[in-house]
Amino acid sequence: MRQPPDELMLFAAGFGSRMQPLTVDLPKPLIPVAEESLLDRTLTLATAGGITKTVVNTHYLGDKIAKHLENYPAQVVHEPNILDTGGGLKNASKFFNGPVIFTSNSDAIWSGPNPFSYLFQNWRDDCDALLLCAPISQVSGRTGPGDFSISQDGGVTRVGSFVYLGVQIIRLDTVQNVRETQFSLNIIWDELMAKNTLRACLYPGQWCDIGRPENIALGEKLLGTNHV
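Student: Help me out: how do you make sense of the pairing of strand β4 (residues 53–58) in this one?
Tutor: Judged by how many residues are buried, β4 sits mostly within the fold: five of six residues are covered. Two elements, strand β1 (residues 7–12) and β4, share six bridges in a ladder whose sense is parallel. Residue pairing for β4: F11 is matched across the bridge by N57. Strand direction decides the pairing type here: β4 and strand β5 (residues 74–78), joined by five bridges, are parallel. Residue pairing for β5: V55 is matched across the bridge by Q75. Taken together, β4, helix α2 (residues 62–68) and β5 constitute a β-α-β crossover, and its handedness is right-handed.

Student: Explain the layout of surface pockets here, please?
Tutor: Here the idea is plain: a probe the size of a water molecule rolls over the atoms and shows the empty space left. In this structure, the largest pocket occupies an estimated 1,000 Å³ of space. Taken together, 38 residues make up the lining of the largest pocket; nearest its centre are R18, K28, T85, N105 and D107. Elements that contribute at least two residues to the lining of the largest pocket include exactly β1, α3 (84–92), β12 (162–171), α6 (185–195) and β14 (206–209). For the lining of the largest pocket, the class distribution of residues is twelve nonpolar, 16 polar and ten charged.

Student: Is there a simple way to think about helix α1 (residues 38–48) in this case?
Tutor: Note on helix geometry: an α-helix contains 3.6 residues per turn, so any two residues three or four positions apart are oriented the same way. Three or more residues of α1 are buried, namely L38, L39, R41, T42, L43 and A46. Immediately beyond the C-terminal end of α1, within one or two residues, lies G50, with a positive phi of roughly 100°.

Student: What is the right way to look at unusual backbone geometry in this model?
Tutor: A negative phi holds for most residues other than glycine; trans holds for most peptide bonds. The linkage connecting Q20 with the following residue, P21, adopts the cis geometry, with an omega of 10°. We note that A34 has phi near 55°; this positive angle belongs to a residue other than glycine. Examined against the element boundaries, A34 turns out to sit in the loop between β2 (32–33) and β3 (36–37). Among the residues examined, A34 registers a relative accessible area of 23% and is labelled partly exposed. The backbone of V159 sits at a positive phi, close to 70°, despite the residue not being glycine. With respect to the helices, strands and loops of the structure, V159 is situated in the loop between β11 (156–158) and β12.

What counts as what
- Within every chain, residues take consecutive numbers counted from 1 along the sequence as written.
- For this predicted model, a pLDDT threshold of at least 70 governs which residues receive local features, and a threshold of 80 or more governs which side-chain atom pairs are given and counted, while totals over whole chains, interfaces and linings are taken from all residues.
- Heavy atoms from the whole structure form the basis of all side-chain values; hydrogens and water molecules are not counted.
- Relative accessibility under 20% of the residue-type maximum defines a buried residue, over 50% an exposed one, and the middle range a partly exposed one, all with a 1.4 Å probe and only protein chains included.
- For the purposes of this entry, the term helix denotes a DSSP run of H or I that reaches at least four residues, the term strand denotes a run of E that reaches at least two, and both are numbered from the N terminus.
- A pair of strands counts as paired when DSSP detects no fewer than two bridges linking them.
- Here a crossover is taken to be right-handed if, once the strands point away from the viewer, the path from the first strand over the helix to the second is traced clockwise.
- Cavity and pocket criteria rest on a 1 Å grid covering protein atoms alone: a 1.4 Å probe that fits but cannot get out defines a cavity, protein on both sides within 12 Å along at least 5 of 7 lines defines an open pocket, and an atom within 4 Å of a point defines a lining residue.
- Grid points are joined across faces, edges and corners, and a volume is the space filled by probe spheres set on the points.
- Residues are sorted three ways: Asp, Glu, Lys and Arg are charged, Ala, Val, Leu, Ile, Met, Phe, Trp, Tyr, Cys and Pro are nonpolar, and all the rest, Gly among them, are polar.

In short, shape yes, function no, at least from these values alone.
This is the structure:
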């Protein structure tokens, strides 16, 4: 029986520019939705999905995230200079034990199966990364077009009606071999697409992007709460 990856890279270093003015004094992962921070919601899902080790990268207002996590068993890796998603993962890769891990953003609300459990159920040993996606019709807080097209066998190409939901399983060697220190995971995905080793699976639930202040109400609606 396959053992699922049980380690997570949680991206929390961004500036949250689209969430201003809420992010002037508060990093986006600590913004509450229905009285619980986005960071805590993501960590709860991760734990329920079988994650036993989490590494969180920080930059903007990173001291507040570190203080928030003082009593949580997470490794905080502060980036004096922001490294973007690929660079952040490469920088933190030494803290992981396994060759395959999860990565996740911390700015979304989910309604449906646990995204971490669901993604692993669809993990394939013949790919280098597996993205969790959904058609634009199952997404709130985000207008079209989508990010990708997805073939019948899960192959991924740029541009289409499917949205990346911010959670993936990826082999660490895909970033460890990059010479640059600051780079986006999009660079890695383009390389994997060229090799036909990037795959996607479709999430059957609903997802809300909490990227702007007005989207908080959409997220609370998805959770079945009343926005005040």
